[in-house]
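# Chain and residue survey
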Amino acid sequence: MYNIAIDGPAGAGKSTIAKMVAKKLDFIYVDTGAMYRAMALYFLRQGIAPQDEEQISKVCDDIQVSLEYENGEQKVLLNGENVNGLIRTEEVSMMTSDTSKYPAVRAKLLSLQQDLAKTKNVIMDGRDIGTCVLPNADLKVYLTASSAERARRRYLEQKERGIDCDLAQIEQDIIARDEQDMNREIAPLKQAEDAVYLDSSDLTIDQVVDKIIELFTACK
Ligand code: DC
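Residues numbered from 1 in each chain as written. Predicted model: local features only at pLDDT ≥ 70, side-chain atom pairs only at ≥ 80, totals over all residues. Heavy atoms only, no water.

## What to know about the site of the ligand
Of all residues adjacent to the ligand, which total 16 residues, the nearest are Arg37, Arg106, Asp128, Asp181 and Arg184. A distance of 2.9 Å separates a nitrogen atom of the ligand from a polar atom in the side chain of Asp128. In the model, an oxygen atom of the ligand is placed 3.0 Å from a nitrogen or oxygen of the Arg177 side chain. When the free accessible area of the ligand is taken as 450 Å², the share hidden by the protein chains comes to 97%. One can see that the ligand is located within the largest pocket. Every element with two or more residues in the shell around the ligand is listed here: helix H2 (32-45), helix H4 (90-99) and helix H8 (167-183). (Near = heavy atom within 4 Å. Polar contact = N/O pair within 3.5 Å; in protein donor to acceptor, adjacent residues only side chain to side chain. Areas by Shrake-Rupley, 256 points an atom, 1.4 Å probe, with all protein chains shown as cover. 1 Å grid on protein atoms, 1.4 Å probe; cavity = no way out; pocket = protein on both sides within 12 Å on 5 of 7 lines; lining within 4 Å. Sits in = over half its atoms within 2 Å of the grid points. Helix = DSSP H or I, 4+ residues; strand = E, 2+ residues; numbered from the N terminus.)

## Here's the deal with the packing of helix H1 (residues 14-25) against helix H9 (residues 205-219)
Two elements in contact, H1 and H9, have axes whose closest approach is 9 Å; the angle formed by their N-to-C orientations is 55 degrees. Judged by the angle between their axes, H1 and H9 are oblique. For the element pair H1 and H9, the recorded crossing hand is right-handed. For the pair formed by H1 and H9, the contact residues are Thr16, Ile17, Met20, Val21, Lys24 and Leu25 on the first element and Ile205, Asp206, Val208, Val209, Asp210, Ile212, Ile213 and Phe216 on the second. Of the residues belonging to the contact of H1 with H9, the class tally is ten nonpolar, one polar and three charged. (Axes fitted to C-alpha atoms, helices over the stretch in contact; angles between N-to-C directions. Parallel < 35°, antiparallel > 145°, perpendicular 65-115°, else oblique. Left-handed = near helix turned anticlockwise from the far one by under 90°. Contact = heavy atoms within 4.5 Å. Nonpolar A, V, L, I, M, F, W, Y, C, P; charged D, E, K, R; others polar.)

## Regarding the packing of aromatic side chains
Applying the stated criterion across every chain yields a total of four aromatic pairs. The interplanar angle of 85 degrees and the centroid separation of 6.5 Å between the aromatic rings of Tyr42 and Phe43 together place this pair among those described as edge-to-face. Note on Tyr42: relative accessible area 12%, which makes it buried. On the accessibility criterion, Phe43 (0% relative accessible area) is buried. Between Tyr142 and Tyr197 the ring centres are 6.1 Å apart and the planes differ by 15 degrees, which places this aromatic pair in the stacked class. Taken together, the positions of Tyr142 in strand S7 (residues 139-144) and Tyr197 in strand S8 (residues 196-199) put the pair 55 residues apart, joining distant regions of the chain. You can call Tyr142 buried: its relative accessible area is 8%. Exposure remark for Tyr197: the relative accessible area of 47% places this residue in the partly exposed category. Through a chain of ring-to-ring contacts, three or more aromatic side chains come together here, namely Tyr2, Phe27 and Phe216. (Phe/Tyr/Trp six-rings, centres within 6.5 Å; stacked < 30°, edge-to-face > 60°. Buried < 20%, exposed > 50% of the residue type's maximum accessible area, 1.4 Å probe, protein only.)

Have a look at this one:
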């Protein structure tokens, strides 16, 4: 099985790029952020505060996250409910960053992600894929861009979805999330030693996709 790991900060274009690479290579795309988002949605619905690690760890046993694919599109199921349309708000984004630092939350998803990669050719994106989830991936890419560019992309994406938002606020949220994701104790966002660093600030989506395919072809 071939595994490609894409890590990087919020809004670097990981999911857009990974989805396109998956299509070209006929791989399965696994969006691990969506899995953490589904769990965060559950905590929000239960009215649990992000600081309440004890309660969050306790209810992890009540959560089942699974993935289904329809025409190559990943659907995240939270206890059987498709929550794709509910997990992209800024509120869920922040709750996800706040709660994905807890060991119980990470343990819940780690084996699920590793099992997926054992049986299928996958391109998986997240924060700790190259460092923790798939340390033996055939190709690891650390994809990033300036915070201003990442905020601009997230802003356009949200607007396209019909979600009202503020550019300056998005950039602030992105910086706060990066800070939290990079500085947590377990599985922080960082470039794996053997990952290729790719700054997409001045590249088009197609250029980044082509670069990743080229890197994969070279290491296959
Ligand atoms: O990639 P994303 O923006 O959908 O991720 C949402 C949050 O989930 C992110 O702020 C940190 C967390 N996350 C994580 O801790 N580990 C991953 N592999 C993927 C996401």
